[in-house]
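Residues per chain are reported as follows:
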Amino acid sequence: PKLYDMANLKPAHYHMNVTDYHFDVMLDLFAKALTELGVHPDAIKDVAAATGKIRKDITTGCTVRMELAKKNMEKGKDGLFKRLGGQEGIVVFIDRLYDLIAVDNRMKSKFVGKDIKKMKEGQYVYMTELLGGPKVYKGTDIAEIHKGVGLTDYEFDCFLGNMEKAMTGLGMEDETVDEVIISSEEIRAALLGRATGIAAHAKVVDGKCVLERLGGDMNVEAIVEMMYGGFRGDPRVKYFYEFSKEKLEGWKLKMTQFLVGAFGGAITYEDSKLRLAHYKYNITDYHFDAFIENFFVSCELMESDTAAVQDAAEVLGHVRKDITSGCTVRLEVARKRVESAGTDGLFEAVGGEDGLKLFMDKLYQHICTDARIQHYFSGSKLDAVKSTQGQYLSVIFGAPISYTGRPLDRVHAVMSISDFEFDCFLEHAQSALRDVGADTNSIDEAIVIMETARRDVLINRKPHDVRKTQEAASAKTVYERLGGDSGISNFVEQMYEKATADVRTKSFFEKNKAKVSVHKKQLVAFLTKLFGGPSSYELSDVRAAHYTLNLSDYHFDCLLDIFSDVFKEMGVKPKDLQDAIQALQPIRADVTTGYTVRMEMARKNVEKGKDQLFKRLGNSEGITSLVDMWFNIAKSDQRIKELIGDSLEKMKAGATIYLVELLGGPKAYKGRSLGEIHRSLDINDYHFDALIADLSRALLGAGHPDNLIDEVMVTIEPARAEVLEKSRAAMDSVLMRDGKSLLERFGGDMDLETAVEGMYDKAVEDHRVRFHFEKAKAK
């Protein structure tokens, strides 16, 4: 049950100095408490993820106040010194501070027995210099003074709290108070005897720093490489990595340098650069958490030491504020402006009604040419979508009208928009706002307001599998696993040799020497491209290249058999073989479509009646003439002339009678079956393909059109199985093995039914085929 209104979190913590450091400490303590209670590690991990979502509400107030104070001080501290009342004002401030400390039970013990007057005099001078006054402090170094005192973060926080009370009691403005606190924060490390810089957080265990425990520079470089592969596929952060390869390589190098230094190695990238480098980007805690998750998964895949990874993540937690502060501050300032002044000012800043119309025109010019999201903004209803969206944006920007469209979550319920795509939309919104002349503050306000719609727009946002994405990104291509150029070239040589020796495929690979050489080069280029290697071959050319060939599914399966045999002989691993064959399967349609389409059209024509086919071939006289031409070609065909031998006239006579009946003429054939006639000839697929090719040439020579030739081919093709007496045997070789049918080897009816159920469950969840399986339960 909800017992606390989450909307109260931010205002309750806004004026407390709770930083990301404090928040991380609380998460750590919470995790330890749960561990002591025996809670399962996975549950603790989920609790941390859920609790992490409120980080922004807890820390934003401190982050924003400190960041604005820091920006003011970057202009120079002399202004702060004057606002404090100069040296006299600082004396009054220090006196009030020590009055408060004297009655503070949390820390007054630290001052017992001390010369308070002397301490105050020293601090008058030190604080004067620290807060922008003349540099006159010549005393002992601040770290040396406090050495051995044993100050803790708690006591320092109490000291800062008393400083804040003293200044507030003196009527100083909030901005001045924040600047003094931020200036004083800079000396925390020195007072507590703590090392500075990000590397100071790198734990040393058994004499080894985090870097050494992770495996050194090379391992960190590999972790970064895997992370970047994950970033490019992670919709939560993908937007920030959509840059050129050269730029990304530069970023990888800088990230590696930073991490090596942060984890205890040589410092070649100063962590002081982080804030400025990231300030202009809209990087939130949500994005930073995604970064950390990718880091964890990369380390897991590298099998890094678990404790070292946890310590590394703790180090990275200290730069969260540097990475996210720019976005946090800009958006929070914009939010507060909207809260105090309303959005009507934004509507006017954009240019009112005319400005909004121009803004929408510019926005749609951008998004409709962006390949990343343009598919959401196409179709006949685009103008209506633009109009409704324009009305919605006008309302949230402060126009004095009402929104009449459907709620955002209902509009987007049928879509699966990702964070990446929403970020792309916001990018174009910013560009369009700049196009219409909006100032920086107005653009920030507009983005803050549009950002509130993310949850409703991403109503179908799905959990992202970081591990799966990184594994896929870091996996080697089939091309690499097969041995690259030399492996593919070697494969083609062996495959070509087998294909020209296999009677099922020989007719397609028998060419003269020059053509064979060209064909091999084309095959190498094609397979290199298909398997993920560098090649200029266009896969879109496959269909055109094979369209006129009589390559059927049967031939394609034969080629896959040959491919598998060659891969096995080359010693290719079973998983790599499976992936290679799987990569080949999608081109089946491109290779066989020409034959399939021609044969299907011919079959439909033949179904209308073979008598029409008989007449178009010239009746018995035409077929007799055709057979005469066919065998005159065949007797000179090196592939089959030995089969004809001295039986030319006898074979012509038998073929004429058989074809007259087969092609729609009078039923006059009373001879033996085709299998009996050809059994002694030892005919195979290669011979049959040659005979069919010669018949095709005879039909072409007789002046018959292509569609008629196809109809003859489709009518004769079924005779192959009878001539070769192999149909049943071929089927049995697949269905029967070791005396068992395929069903028996599968496990029987029940196992088959279970497999179908499992397949169906997967199919209704798989977006590639889901449409065809979404039916009522009864169906």
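All figures in this text were calculated on a predicted structure; none of them were measured in a lab.

**As for the overall build of the chain**
Turning to step 1, where the next piece is worked out: Secondary structure assignment for the chain yields 46 helices and 2 strands.
Turning to step 2, where the next piece is worked out: For the chain, whose C-alpha radius of gyration is 39 Å, the value lies well above the compact-globule estimate of 28 Å for 779 residues.
Turning to step 3, where the next piece is worked out: Summarising its shape, the C-alpha atoms of the chain cover approximately 130 × 65 × 55 Å along the three principal directions.
Turning to step 4, where the next piece is worked out: Buried residues in the chain amount to 41% of all 779 residues.
Turning to step 5, where the next piece is worked out: Partitioning the intrachain contacts of the chain with sequence separation of at least 6 by distance along the chain shows that 77% fall at a separation of at least 24.

**With respect to the pattern of salt bridges**
Turning to step 1, where the next piece is worked out: Counting across every chain of the model gives 46 salt bridges.
Turning to step 2, where the next piece is worked out: Across the pair aspartate 28 and lysine 32 runs a salt bridge, and its minimum N-O distance is 3.3 Å. Taken as a pair, aspartate 28 and lysine 32 lie in helix H2 (residues 20-36) at a separation of 4 residues, close to a single helical turn.
Turning to step 3, where the next piece is worked out: Taking relative accessible area as the criterion, aspartate 28 reaches 38% and is therefore assigned partly exposed.
Turning to step 4, where the next piece is worked out: For lysine 32, a relative accessible area of 47% corresponds to the partly exposed category.
Turning to step 5, where the next piece is worked out: A salt bridge links arginine 639 to aspartate 694; the shortest N-O distance between them is 3.8 Å. Taken as a pair, arginine 639 in the loop between helix H36 (619-634) and helix H37 (641-644) and aspartate 694 in helix H40 (residues 685-701) lie far apart in primary sequence, 55 residues in all.

**Some details on the packing of helix H13 (residues 217-231) against helix H26 (residues 466-474)**
Turning to step 1, where the next piece is worked out: At a minimum axis distance of 8 Å, the contact between H13 and H26 shows a crossing angle of 110°. The pairing of H13 with H26 is recorded here as roughly perpendicular in orientation. The hand of the H13/H26 crossing is right-handed. Only Thr469, Gln470, Ala473 and Ser474 of H26 make contact with H13, whose side of the interface consists of Met226, Met227, Gly229 and Gly230.

**Regarding the packing of aromatic side chains**
Turning to step 1, where the next piece is worked out: What the rule picks out here adds up to 21 aromatic pairs.
Turning to step 2, where the next piece is worked out: Connected via pairs of aromatic rings, a cluster forms that spans Tyr228, Phe231, Tyr241, Phe243, Trp251, Phe288 and Phe291.
Turning to step 3, where the next piece is worked out: In this structure, lysine 238 is placed above the aromatic ring of phenylalanine 420, and the distance from its NZ or CZ to the ring centre is 4.5 Å.
Turning to step 4, where the next piece is worked out: Here the basic side chain of lysine 520 rests over the ring of tyrosine 496, its NZ or CZ set 5.5 Å away from the ring centre.

**Quick look at helix H9 (residues 153-169)**
Turning to step 1, where the next piece is worked out: Between the first and last C-alpha of H9 there are 24 Å, a value that for 17 residues agrees with the 24 Å anticipated at 1.5 Å per step.
Turning to step 2, where the next piece is worked out: Turning to H9, its buried residues number three or more, namely Asp153, Glu155, Phe156, Cys158, Phe159, Leu160, Asn162, Met163, Ala166 and Met167.
Turning to step 3, where the next piece is worked out: Considering only its buried residues, H9 is in contact with H2, helix H6 (86-102), helix H7 (116-130), helix H10 (174-185) and helix H11 (188-191).
Turning to step 4, where the next piece is worked out: Immediately downstream of H9, the backbone of glycine 171 shows phi near 80°, a positive value.

**A few points about the environment of isoleucine 677**
Turning to step 1, where the next piece is worked out: Counting through the fold element by element, isoleucine 677 comes out in helix H39 (residues 674-678).
Turning to step 2, where the next piece is worked out: In this structure isoleucine 677 comes out as partly exposed when scored by relative accessible area, which is 28%.
Turning to step 3, where the next piece is worked out: Leaving out residues up to four positions away in the same chain, isoleucine 677 has contacts with Tyr669 and Arg672.

**Some points on unusual backbone geometry**
What you tend to see is this: most non-glycine residues have negative phi, and most peptide bonds are trans.
Turning to step 1, where the next piece is worked out: Of note, the phi angle at aspartate 206 is positive, near 55°, even though the residue is not glycine.
Turning to step 2, where the next piece is worked out: Residue placement: aspartate 206 occurs in the loop between H11 and helix H12 (210-214).

**Structural notes on the packing of H40 against helix H41 (residues 706-716)**
Turning to step 1, where the next piece is worked out: Following both chains from N to C, one finds H40 and H41 inclined at 150°, their axes separated by 10 Å at the closest point. Classified by the angle between their axes, H40 and H41 sit roughly antiparallel to one another. Relative to H41, H40 is oriented so that their crossing is right-handed. When H40 is examined against H41, the residues Phe688, Ile692, Leu695, Ser696, Leu699 and Leu700 are found in contact with a partner set consisting of Asp706, Ile709, Val712, Met713 and Ile716.

**Re the side chain of aspartate 637**
Turning to step 1, where the next piece is worked out: For aspartate 637, the location among the structural elements is in the loop between H36 and H37.
Turning to step 2, where the next piece is worked out: A distance of 2.8 Å separates polar atoms of two side chains, one belonging to aspartate 637 and the other to arginine 639.
Turning to step 3, where the next piece is worked out: Filtering out sequence-adjacent residues up to four positions away, aspartate 637 remains in contact with Ala690 and Asp694.

**Considering a nonpolar patch on the surface**
Turning to step 1, where the next piece is worked out: Side chains of Leu743, Leu752, Val756, Met759 and Tyr760 sit close together on the surface and give an oily, nonpolar patch of about 410 Å² of accessible area.
Turning to step 2, where the next piece is worked out: Of the residues forming the nonpolar patch, the biggest block, 4 residues, is contributed by helix H45 (residues 749-763).
Turning to step 3, where the next piece is worked out: Note on placement: valine 756 falls in helix H45.
Turning to step 4, where the next piece is worked out: In this structure valine 756 comes out as partly exposed when scored by relative accessible area, which is 41%.

**What about the layout of surface pockets?**
Turning to step 1, where the next piece is worked out: In this structure, the second largest pocket occupies an estimated 1400 Å³ of space.
Turning to step 2, where the next piece is worked out: Residue lining of the second largest pocket: 45 residues in total, with Phe508, Thr548, Leu549, Asn550 and Leu551 positioned closest to the centre.
Turning to step 3, where the next piece is worked out: Residues belonging to the lining of the second largest pocket are distributed by class as follows: 25 nonpolar, 9 polar and 11 charged.

**Points about the environment of phenylalanine 773**
Turning to step 1, where the next piece is worked out: With respect to the element layout, phenylalanine 773 can be found in helix H46 (residues 770-773).
Turning to step 2, where the next piece is worked out: Judged by relative accessible area, which is 24%, phenylalanine 773 ranks as partly exposed.
Turning to step 3, where the next piece is worked out: Measuring from C-alpha to C-alpha, the distance between phenylalanine 773 and aspartate 628 comes to 54 Å, with 145 residues separating the pair along the chain.
Turning to step 4, where the next piece is worked out: The contact partners of phenylalanine 773, leaving out residues within four places of it in the chain, are Tyr760, Ala763 and Val764.

**Considering the confidence of the model for the chain**
Turning to step 1, where the next piece is worked out: On average, residues of the chain score 85 in pLDDT, and 94% of them reach the 70 mark or higher.
Turning to step 2, where the next piece is worked out: Below a pLDDT of 50 lies the segment residues 727-735, which in the model reaches 7 contacts outside its immediate sequence neighbourhood of four places, other chains included.

**Describing the environment of valine 436**
Turning to step 1, where the next piece is worked out: As for its placement among the helices and strands, valine 436 is situated in the loop between helix H23 (419-435) and helix H24 (440-451).
Turning to step 2, where the next piece is worked out: C-alpha of valine 436 to C-alpha of leucine 356: the two residues are 80 residues apart in sequence and 8.9 Å apart in space.
Turning to step 3, where the next piece is worked out: When neighbours within four sequence positions are excluded, valine 436 is seen to be in contact with Val350, Gly355, Leu358, Phe359 and Lys362.

Analysis parameters
- Residues numbered from 1 in each chain as written.
- Predicted model: local features only at pLDDT ≥ 70, side-chain atom pairs only at ≥ 80, totals over all residues.
- Heavy atoms only, no water.
- Helix = DSSP H or I, 4+ residues; strand = E, 2+ residues; numbered from the N terminus.
- Rg over C-alpha atoms; globule rule 2.2 N^0.38 Å.
- Buried < 20%, exposed > 50% of the residue type's maximum accessible area, 1.4 Å probe, protein only.
- Contact = heavy atoms within 4.5 Å.
- Salt bridge = Lys/Arg side-chain N within 4 Å of Asp/Glu carboxyl O.
- Axes fitted to C-alpha atoms, helices over the stretch in contact; angles between N-to-C directions.
- Parallel < 35°, antiparallel > 145°, perpendicular 65-115°, else oblique.
- Left-handed = near helix turned anticlockwise from the far one by under 90°.
- Phe/Tyr/Trp six-rings, centres within 6.5 Å; stacked < 30°, edge-to-face > 60°.
- Lys NZ or Arg CZ within 6 Å of the ring centre and 35° of its normal.
- Expected span 1.5 Å × (residues − 1).
- Polar contact = N/O pair within 3.5 Å; in protein donor to acceptor, adjacent residues only side chain to side chain.
- Patch = residues over 30% accessible without salt bridge, like charges linked within 9 Å, V, L, I, M, F, W, Y side chains within 5 Å.
- Areas by Shrake-Rupley, 256 points an atom, 1.4 Å probe, with all protein chains shown as cover.
- 1 Å grid on protein atoms, 1.4 Å probe; cavity = no way out; pocket = protein on both sides within 12 Å on 5 of 7 lines; lining within 4 Å.
- Points joined across faces, edges and corners; volume = space filled by probe spheres on them.
- Nonpolar A, V, L, I, M, F, W, Y, C, P; charged D, E, K, R; others polar.
- pLDDT = per-residue confidence, 0-100.

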